[in-house]
Amino acid sequence: MGSSSAQRELQRELEAKANDLSKIQKDISKNHQVRKKYTIQLGENELVLKELDLLSEDANVFKLIGPVLVKQDLAEARANVRKRIEYISAELKRLDATLQDMEEKQNSKKEAIFKVQQRIQSLQAGKAKA
């Protein structure tokens with residue numbers, strides 16, 4: 001009777017760890033999606049900066065604000081794009097650190113699940129011998 005309740009307890013523990021692992025995997029997936037979005041934005045902003053660098057100092061630059069194009073100083077436009085690139089790069093670094101942390105948690109959960117599965121199997125093996 002005792003081994004049956006121990007096995008049920010291990011089964012519950014296994015389910016809880018599997019749910020935790022599933023949550024971590026969903027978070028990793030979300031992180032990848034956000035990272036992809038930021039990577040695309042970074043590429044677009046770097047392209048815009050290259051285009052701005054090709055312009056002569058007296059070129060007209062306009063910024064879209066709502067439905068209106070507003071004239072903007074070239075130096076200001078370059079500074080804004082550089083700031084955006086810095087921000088996006090910082091976000092990507094933060095996301096990478098978060099991803100690394102989540103992957104470590106995922107690996108430790110997988111190991112914990114494996115150990116619980118081994119304990120269940122050894123319990124079942126012990127039952128089969130009895």
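It should be noted that the structure appears before, not after, this text.
One structure accompanies this document, and this report is about it. Every value quoted in this text rests on a predicted model; they were computed, and no experiment measured them. (Residues numbered from 1 in each chain as written. Predicted model: local features only at pLDDT ≥ 70, side-chain atom pairs only at ≥ 80, totals over all residues. Heavy atoms only, no water.)

**Focus on the pattern of salt bridges**
For the record, the criterion: Just to be clear on terms, a salt bridge is a Lys or Arg side-chain nitrogen sitting within 4 Å of an Asp or Glu carboxyl oxygen. Only DSSP runs of H or I reaching four residues or more are called helices, and only runs of E reaching two or more are called strands; each is numbered from the N terminus. Burial status follows relative accessibility: with a 1.4 Å probe on protein chains alone, a residue under 20% of its type maximum counts as buried, one over 50% as exposed, and anything between as partly exposed.
Applying the stated criterion to the full structure yields ten salt bridges. Note that E13 and R119 form a salt bridge whose closest N and O atoms lie 3.7 Å from each other. Remark: R119 occurs in helix α2 (residues 74–129) and E13 occurs in helix α1 (residues 2–54); sequence separation between them is 106 residues. Overall, R119 belongs to the partly exposed group, its relative accessible area being 42%. We note a salt bridge from D20 to K109, for which the minimum N-O separation is 3.3 Å. Pair noted here: D20 is in helix α1 and K109 is in helix α2, with a separation of 89 residues, a long-range link. Given a relative accessible area of 30%, D20 falls into the partly exposed group. Given a relative accessible area of 23%, K109 falls into the partly exposed group.

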